[in-house]
Structure formats: C-alpha cells, structure tokens
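Observations on chain architecture
Residue-level listing of the chains:
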Amino acid sequence: MSGIKLTRRGFLKTTGIVGGGLLIGYVAMPGDNTPAVIPEAGAIAPNAFIQLTAENKLVFYSPRDEMGQGVYMGLTTLVAEELDVSPVDIQVEFASVHDAYRHPEYGVQGTGGSSSIRVHYLPLRQVAADTRALLLNAAAQDLAVPLSSLTTDNGHIVSNGNTYPYSDFIATADTMELPVGSPLKAKADFKYIGQDIARNDALAKSTGTAVYGVDIDLPDMHYALVSRSPVAGGTVVSFDDSAARAVNGVTDIVQIDSGVAVVAKSFWQAKKAIAALSVTWDQPALADYSSALIKADYQAAIDSGEGDSKSEGNIEEGLQLATKQVEREFWTPYLAHTPMEPVNAVVRIANGKAELWAGTQGPSTARGLVARHAQLPVENVTVHSLFSGGGFGRRTCLSHVSEATQVAVATDKTIKLLWTRENDVQNGWFRQASIMKVHAGVDSQGLVTVWDAARAGGDLTPHSISSLLPGAFASSPDWVNSMTVSALENLYDGWIIDGGGVEGLVDDYDFPNKKLRHTSVNHGLPLAPWRSVGHSFTAFAKETVMDELAEQAGIDSIDFRKRNLQGNPRLLGALEAVEQGLKDWQLAEGRHIGIAAHGSFQSYVAQAAEVSVEKGKIRVHRVLCAIDCGQVVNPAIVRGQMEGAIMYGLTAVLYGDIQIENGAVKESNFHDYKMLRINEAPAVEVIIVESDQPPTGVGEPGLPPVGPAVANAVYRATGERLTSMPLQPA
Amino acid sequence: MIEFTLNGKLVQSHDEPDTPLLWVVRDSFKLKGSKFGCGMAQCGACTMHIDGRAQRSCVMPVAAVVGKSITTIEGLGTPDNLHPLQQAWAEQGVPQCGYCQSGQIMSAAALLNENPNPSEAQVEAAMAGNICRCGCYPRIKTAILTVAEQSQPGAVQVAIPMPVSEEV
C-alpha cells in the first residue's frame, strides 16, 4: 500500500472528466498538416466533417466513437438539422485520426465523460450551417437569382418552386470561400433535433451487418492470444512453450511487455496452445494481498482521519445546530466493465506503414501506441475506427493495441489480437473500490446543517494518465512516462484530491457546513473510469444518508430532499417530476419504494425504485426515472440510455464484486461474475424534463441513483440499512 | 471434412473437428454476424439455430453438427428482406452497442417458432440465456411481444409507426 500520507493541504478542485484528458490537452501536441478528408472525384469536403458527393450523398465524419451511447445518431442529427437533410439519409463514417477531430475539452481524440453532444452541439451545427450557406451562395450564383429568394429542403435548393440537388452546385461551391458564423436555426424551427427518430445504426445492428473490430478479416491474418500475469504488474521470468508449439496451426510464440503471446492460424488453435503454455511469473507486492486485507487497509486509511481535505462553513457549528445526526460508513468493491465485445485489435504493418482496426474510446492514443511499438512516425499509422461492442470506460485503456503491435512486429504477420472473456474479467482495469464515511446532521426544520464526508481508495487519474501517455506522446521515452506517472501518483497522494474518487459525495444539496476528506490507498490493481466514474459509488453514500436523515427528521423522503434542494433547481425539478409520476403508481402488497436524486455530467436525475425482498433476494420491479439533460436531441436515445444505465447499475447493485485472492482476480467469466438478465430486469419509465438549457450528458447520469434508490427501498422492506455493495439483505 | 447445411446451402468444413461452430462460421465461412462473447455458453451472443433450436455455437464442436441444418442471423433475414423480429428491433430502436443483438434475435426467433404467442414470463424464460450489457431488455421484451401479437390470427396488421424523420 502506498502509504497514508499525513500531509494536509489546501483543496484543489479537480473535475471528474475521463481521467486526465484535460491535463494532456494543455500540453502542445504535434499537429496534422494534411487535410482531414480527401474528397472523392466530383465531391467537395468544405471542412473536416462533411463531404458532398456528385450523387448528392452527404457523408458525415463522426469525431466521436459509437459504443452504444448513440452519438452515431445524435451527432448526425446536429449536422442534419443545419444542413437541412434527414439524418437517416446521411452516410456516417468514423473519422480518421486528425487534429480536427480532437475532443474540444480533452485535447486528445477521445470519447467519454458523457460529453459528446454537449461539446459538439454548437460547433457541429455551425460547421453544417456554414456548409449549407456555401451551397446557397453557389446556387444563387449559378441560378443568377438573389440569395434571399432561395431556401432548402432535404438536400435540395428550392428556387421559384424548382428543386435542385445540393450536388448541382458543387463546382461553383468549390471555387467559393466557406462562410463563417452563419446563423443557426432557432429551436422553433428544428425539424430533427428533439424528434423521436429511429437510430440510424439500428438496422445494421439487427441484421448482423454492423462491423466491429472483432469482425475484421484480412488476408493471411493470424490470431494472437496472450498469457498475462494473473497478478497485475507481474513480469515473465521464464516460459516453456514446447507443448504449445506442438499444437497444430501455431506459428509463433513471442514474449511481449505484458506476457507471452501465442500466434496461430485460427482462434481455436491459439486457444488450445495458450492452455498448453507454461509461464513462470515474477509477482509484484500485490500478490501478498487478498480482498480482506485490502479492505482492512482501506478501513485503516479512513479511520486514520488523515489525508487531504477541503471544507466550507464550520463543521462544529453545523453539528451544534443539528437536532438529529447520522453517521454511516459504506463499502463499494472493485468492478470489471465486461463490455459484450471483449477488447481486440487488428494490426497490419507493411512498407513502413501501419494500420490498426479497432473500436476504441481513444483513436489518437491508439495511433500513438501503434507508432511507438512499430517505431514509425504517427503520420505513417492509419486508424480504422469501428463500432464498439460496449465501452463503459473500458475502451479508454488500450494495452491490447500495444500488444497487437508488438506481436505484429515480432512475427512480421498481420495480427488479430483478441482478449478472451477470462482475460477481460481478470487482466484488465477496474472500477476503484472505496470506503466512504458520512457524518451529517439535520435541524428541526428538516434542513441539513452539516455534511462531513470522507473517502479512502485508489486514485484514478495516475492510472488513466499512465495508459494515455505512451500513446499521446508516441516518441517519448518510457522513463519519461513512468517519471511523469510517479510524480502524479505523489501529487494525488497527499497534495490534491482526485475528482474521480469523490465527485458527488458532498454535492447537489444546500449543505451550509461541509467537509470532504480523502485518503489515497493504492494496491496496484489497474483502475479505469467505469460508467459514471466516482458518481457510481458516491451517490450510494450520499443518498442513503439523505434517506436516513429524512427518517430521523420525521419527514417524507421526497419532501426532505426538496427542502434541501432550494439551491439546485434542476435536480429539484427532476425530483418533482418523479414525485408527480409516482402518483399514478399502485403499490402491490410487499412492494416498497426507494428514492434517490443525483447530478452528474451536468445532468440531473431522480429515480424511484419499486422493490420487494423475498427470502433475502432483492427483486426490482419498476424504476421511474426523471432526467433534465437540457435540450434533448433524440428522446428515444435519452430514454434508452436511462434504461441501459439502470440495468448496468443494477448488475453492480445485485452482483458486482471483483474479489482478489493472492493478488489475482478470482472471478473469470459470466458464470461467477454475474450479469443482470432479462428475467431480472425491471420495467423502466422515463420522464424527460422539458428544458431550454444546452444539452448535457446522458450516457452516465442515469446510473448513480439506482443503487441508493434500491437500497432505500430495501430498508423500507426489511428495516435494514444496507451499506455495502453488492446489496445483500440478511 | 465435415458436411452440414448453412443457411440453406450444403457446405464442407475442413476445420479441426473440435473447433467450435462459431469460429467455423465466422472465419471459414466469413459470416460475422454471430459474435464471440464468453466462450462458455453463458452469454448467448453466438446463438444460432441448429435444426431449428437456439444453441450456443461457441461450445458446439463442428463435428457435432454433421448433417444438421444451421441458420445464422444472416440466414434469418437481410437488410432488404427483414425477418419481422429484425424489423421490430430496428423500428423500436432496440440495439445500443448492438453486439449481442444477433444472438438475442436468434433466441427470439426460435421462441416464436415454437410458441407464436408467448406470455411475458415465457419470453423472459426463453431470453434469460442472452446477456445484454447495454441493458436493452425492456425493448427486447416489447419487440418480441409486438411481433407475437401481430402474427396472431385476427390481429390487425398495423405497421409499427416507425418514427422516421418527417418528410416535408
């Protein structure tokens, strides 16, 4: 354990965006001088995002990746609105890696933090509006009519009752300058934004024709599987590959940074060979730890009272004002992401150029990793982004790209490297485990007077930076990267609080006197952002204590929250929407309702869960979910993300628990790392709160409230406050 | 050599006999719609029909399907000739990441072949072997029940209103 530092320092506010992107954003990155899109013959590409072909086909180059969250449709809708073309008529391509496609806040080309619609809402519309203005200018010139006499309609210019495809004006548009700052449509004029339009990727995904990384098949491609240290950070001492080499179809067995790779003509041959391989590992300190010992370290850390802290108001005064107090401690375990498509990468290197095929949350980092391991300049690496079979934060970590490149270099073969489900559960990156403590008080008016919270656990940012750096700076030496990461670890351990570990713990409500303390504990298990990051566990502590305070104060749990949300009108609004919706609910015998409200990723979500507990088994029957995410681009996708986040959250609430035994993950596949199934899935009702605010996140904010909503319902059913995840009633 | 019928065509596999059917179909016959999810019949992403029954192809040695008839998602319907379930899936916006959906649809199709009018509980029982990490379960259930309802004798055949863009 990296020690509990006794240093007490001022609090530096850090936000919980997907690990460390901001930091890299501030560092000068090498620029791209080549055009982002080279138009086909007869076409124009007035900017990096749009191409108009001679056949009047509009192509949109999506700067963000699609892993289920719906940007493929959502971002296309933004462009469609201002281009005045139906989004379903636009052909969508995943962008190549280029400066033009960098995330405006993260600095790298990445997807995460429920940010895509929020950060692209105006810029992408502007690009499309300028493109439409260019076509109008060209049409006015070609048709020799005043610009003001022209309008557009679904990919056509309308002049005097005649319609002309946009493509009629390509030649002239190509000679004109692209207008800037063209006016954007008013909300009242929206045709597509805000409409329930069926997703443009649904047909491909219902017919088996959508292409994922795992589907790439190249001539002479070989499969690679890797034997990795069962304990994270272990290194190869020696290996015996005699039996593995005897397996039919095996062509190469090579040592790489992460372990020993077996290369064969087919997946099945590689699978048989990896089972026959014998590797001896040098195990790191983590090998001495099992779950109980790790938890004991966390307990010692939080009990020490040490760490970094920040406070507002006066805790002592707040305690004196309180007529009732609640003090609770919470445990939330490590979790794996388990996207349905295990991570994989296809790498081909030939004639000084490399190509990568993969679905990732960070194609620019992926390009850098290929360049680093193939020892090529980044300009010589092409990334083909594909649909991702789930992300949830897992595809921000790209060691599989490094592995595939190392194997391709070592064997001089085109390689498809695939992680098995066992690799995915045991060898990856994990949601950080946490102990949290809240000591809070309420006065006779039902107002919270004090909120003193603490968390002990791993710091996410150094892990995220360590996985990003080698790809972000493809040619920087390894020692520079490890020095940077170790400096960061020290920084977070005693100097600043990692936002990803505490976000949401002291937020949302009008706490006049509040304190946040953090103690870093690190055992070496790699950590990654996991859907909703810190909010995925802080909401559990916060909303359970709020529920208990309401009970102590003798006030209904919704009323109590409302009283303390006067400074947070949007979360209040979401909660009131749930209150309203509940009026239509008839509760069957034995069913109980639990409430939770939590803001994350600039969106506001309140939920009610209807639960029964029979023979110690929790059954979640219904969830009512209200979200205020500002202007909605596609309501069907917003509802889908709420439904999905609730189901993803419920897997963690009912089952999720990565156990460590002698440093290794005990669980291995879906038989012992259980997932929520359809027969356990609640019905979900979603209320979208009307809003004129700019759009905000929907991929993650639906998750945090579901855990505490269920736990609070279980309390009503059993009288027992459950404070450990997964929830296990006595 | 192992001979079987794949989407109506007689085919010969030269893969080793213990190779799971999933990899034979994906890599030797280049049909990529069926997915690898767990490799131990736990998640259903690889579901195919073997003589009409939904089976997990990731644990089915190709030698075990000699003479049998295999249907994959590609044989169920195509973008131009959709199976009613595929149509319902697309119209109701069931898929999110989409990776598990071929398996989901194959399980649903086998269910409706056997029981054209399943109850909600029967849908849940038949679909419990298919994991969806995106949590599309409510929409999967609705899509199956909608198709079942429409296929009933006397059912009014109303196309599900597809919320496509307004054509102005």
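Contact with chain A, which involves 68 residues of that partner, is made by 56 residues of chain B. Here chain A meets chain B over a buried area of about 5,100 Å², counting both sides, of which 57% is carbon and sulfur. Three residues stand out in chain A for area buried against chain B, namely Met340(A), Arg677(A) and Ile678(A), and they jointly supply 16% of the buried area on that side. Our count for the contact surface shared by chain A and chain B stands at 7 salt bridges. One salt bridge in this structure joins Lys32(B) and Asp217(A), with 2.7 Å as the shortest N-O distance. Elements with a minimum of two residues in the side of chain A that touches chain B: helix H5 (202-206), helix H7 (267-276), strand S17 (415-418), helix H12 (421-426) and helix H19 (635-654) of chain A. With 9 residues, the single largest contributor to the side of chain A that touches chain B is H19(A).

Let us now look at the sheet that holds strand S1 (residues 2-6) of chain B. Residue and element names in this part refer to chain B. Overall, mixed pairing links the 5 strands, which are arranged S2-S1-S5-S3-S4 in an open sheet. Because the sheet does not close on itself, it has two edges, and the strands there are strand S2 (9-13) and strand S4 (53-56). Each strand axis lies, on average, 40 degrees off the axis of its neighbour in the sheet, ignoring direction. Examined bridge by bridge, S1 and strand S5 (residues 69-71) share 2 bridges and lie parallel to one another. In the sheet register, Thr5 faces S5, and the bridge partner there is Ser69. Docked against the sheet, helix H1 (residues 21-28) engages S1, S2, strand S3 (47-50) and S5, running at close to 100 degrees with respect to S3. Packed onto the sheet, helix H4 (residues 101-114) meets S3, S4 and S5 and runs at close to 35 degrees relative to S3.

All names here are of chain A. Here Glu55 shows up in the loop between strand S1 (50-52) and strand S2 (58-62). Its relative accessible area of 59% is what places Glu55 among the exposed residues. Distance from Glu55 to Tyr166, taken between C-alpha atoms, is 9.3 Å for residues 111 residues apart in sequence.

Residues and elements named next belong to chain A. Mapped onto the elements of the fold, Ser402 is located in helix H11 (residues 399-411). Take Ser402: its relative accessible area is 10%, and that puts it in the buried class. Setting aside residues no more than four positions away along its own chain, Ser402 makes contact with Leu369 and His373.

Residue and element names in this part refer to chain B. Considered domain by domain, chain B is made up of domain 1 (2-76) and domain 2 (84-150). With 16 residues of domain 1 in contact, the opposing surface of domain 2 contributes 13 residues. Interface area for domain 1 against domain 2, summed over the two sides, is near 1,300 Å², with a carbon-plus-sulfur share of 58%. It is His49, Ile73 and Leu76 in domain 1 that bury the most area against domain 2; as a group they hold 34% of the surface buried on that side. On the surface where domain 1 and domain 2 come into contact, there are 0 salt bridges. Linking domain 1 with domain 2 are 6 residue pairs in polar contact (both at pLDDT 80 or more). Elements with a minimum of two residues in the side of domain 1 that touches domain 2: S3, S4 and helix H2 (73-76). Across the side of domain 1 that touches domain 2, the residue classes tally to 6 nonpolar, 8 polar and 2 charged.

So, on to the sheet that holds strand S4 (residues 151-153) of chain A. Within a sheet, adjacent strands bond to each other through the backbone by hydrogen bonds, running parallel or antiparallel. Residue and element names in this part refer to chain A. Strand order in the open sheet formed by 3 strands is S4-S5-S6, and the pairing between neighbours is antiparallel. At either end of the open sheet lies a strand with only one pairing partner, and these are S4 and strand S6 (162-165). When the angles between neighbouring strand axes are averaged without regard to direction, this sheet yields 35 degrees. Pairing between strand S5 (residues 156-159) and S6: 4 bridges, direction antiparallel. In the sheet register, Ser159 faces S6, and the bridge partner there is Asn162. Strands S4, S5 and S6 of the sheet are contacted by helix H3 (residues 116-143), whose axis makes an angle of about 45 degrees with S5.

Attention now moves to the confidence of the model for chain A. In the predicted model, chain A carries a mean pLDDT of 94, and 95% of its residues have values of at least 70. With pLDDT under 50 throughout, residues 1-29 of chain A is counted as low confidence; its partners more than four residues away or in other chains account for 77 contacts.

On to the pairing of strand S16 (residues 381-385) of chain A, then. Residues and elements named next belong to chain A. Side chains of S16 alternate between two faces, with Val381, Val383 and Ser385 buried and Thr382 and His384 left unburied. With 5 bridges joining them, strand S15 (residues 353-358) and S16 adopt parallel strand pairing. For Ala354, the partnering residue across the bridge sits in S16 and is Val381. Once you follow S15 into helix H10 (residues 363-374) and on to S16, the crossover reads as right-handed.

This part covers helix H5 (residues 120-127) of chain B. Each α-helix winds once per 3.6 residues, and so residues spaced three or four apart point in a common direction. All names here are of chain B. All of the buried residues along H5 are Val123, Glu124 and Met127. An end-on view of H5 places all buried positions within 100 degrees of arc, on one side of the element. Of the residues in H5, the exposed ones pointing more than 90 degrees away from the buried face are Ala121 and Ala125. Those residues of H5 hidden inside the fold are in contact with H4 and helix H6 (137-150).

With that out of the way, let us pick up the state of the cysteines. All names here are of chain B. With the rule as written, the count across this model stands at 0 disulfides over all chains. With no disulfide partner, Cys38 has as its closest neighbouring cysteine sulfur the one in Cys43, 3.8 Å distant. There is no disulfide at Cys46, and the cysteine sulfur nearest it, in Cys58, is 3.7 Å away. Judged by relative accessible area, Cys46 falls into the buried class, the value being 4%.

Residues and elements named next belong to chain A. For H19, spanning 20 residues, the distance from its first C-alpha to its last is 28 Å, which sits close to the expected 28 Å at 1.5 Å a residue. Of all 20 residues that make up H19, 19 are buried, and the element is covered over most of its length. At the N-terminal boundary of H19, the capping side chain belongs to Asn634, with an oxygen 3.0 Å from the backbone nitrogen of Ala636.

The next point concerns the domain arrangement of chain A. Residues and elements named next belong to chain A. Assigned domains of chain A: these are domain 1 (31-201), domain 2 (213-284 + 343-418) and domain 3 (291-325 + 433-718). Between the C-alpha centres of domain 1 and domain 2 there is a distance of 37 Å. Listed by partner, the interface residues are 15 residues for domain 1 and 13 residues for domain 2. Taken together, the two surfaces of domain 1 and domain 2 that pack against each other cover about 1,200 Å², and 55% of this comes from carbon and sulfur. For the domain 1 face of the interface with domain 2, the top three residues by lost area are Asp65, Met67 and Val97, together amounting to 46%. Across the domain 1-domain 2 interface, the total number found is 0 salt bridges. Joining domain 1 to domain 2, the criterion identifies 3 residue pairs in polar contact (both at pLDDT 80 or more). Residue composition of the side of domain 1 that touches domain 2, by class: 6 nonpolar, 5 polar and 4 charged.

Conventions we followed
Residues numbered from 1 in each chain as written. Chains lettered and ligands numbered in written order. Predicted model: local features only at pLDDT ≥ 70, side-chain atom pairs only at ≥ 80, totals over all residues. Heavy atoms only, no water. Contact = heavy atoms within 4.5 Å. Buried area = accessible area lost by both parts, 1.4 Å probe. Salt bridge = Lys/Arg side-chain N within 4 Å of Asp/Glu carboxyl O. Helix = DSSP H or I, 4+ residues; strand = E, 2+ residues; numbered from the N terminus. Pairing = 2+ DSSP bridges. Axes fitted to C-alpha atoms, helices over the stretch in contact; angles between N-to-C directions. Buried < 20%, exposed > 50% of the residue type's maximum accessible area, 1.4 Å probe, protein only. Domains from an automatic or database assignment. Polar contact = N/O pair within 3.5 Å; in protein donor to acceptor, adjacent residues only side chain to side chain. Nonpolar A, V, L, I, M, F, W, Y, C, P; charged D, E, K, R; others polar. pLDDT = per-residue confidence, 0-100. Right-handed = clockwise from strand over helix to strand, strands pointing away. Arc of directions from axis to C-beta. Disulfide = S-S within 2.5 Å. Expected span 1.5 Å × (residues − 1).

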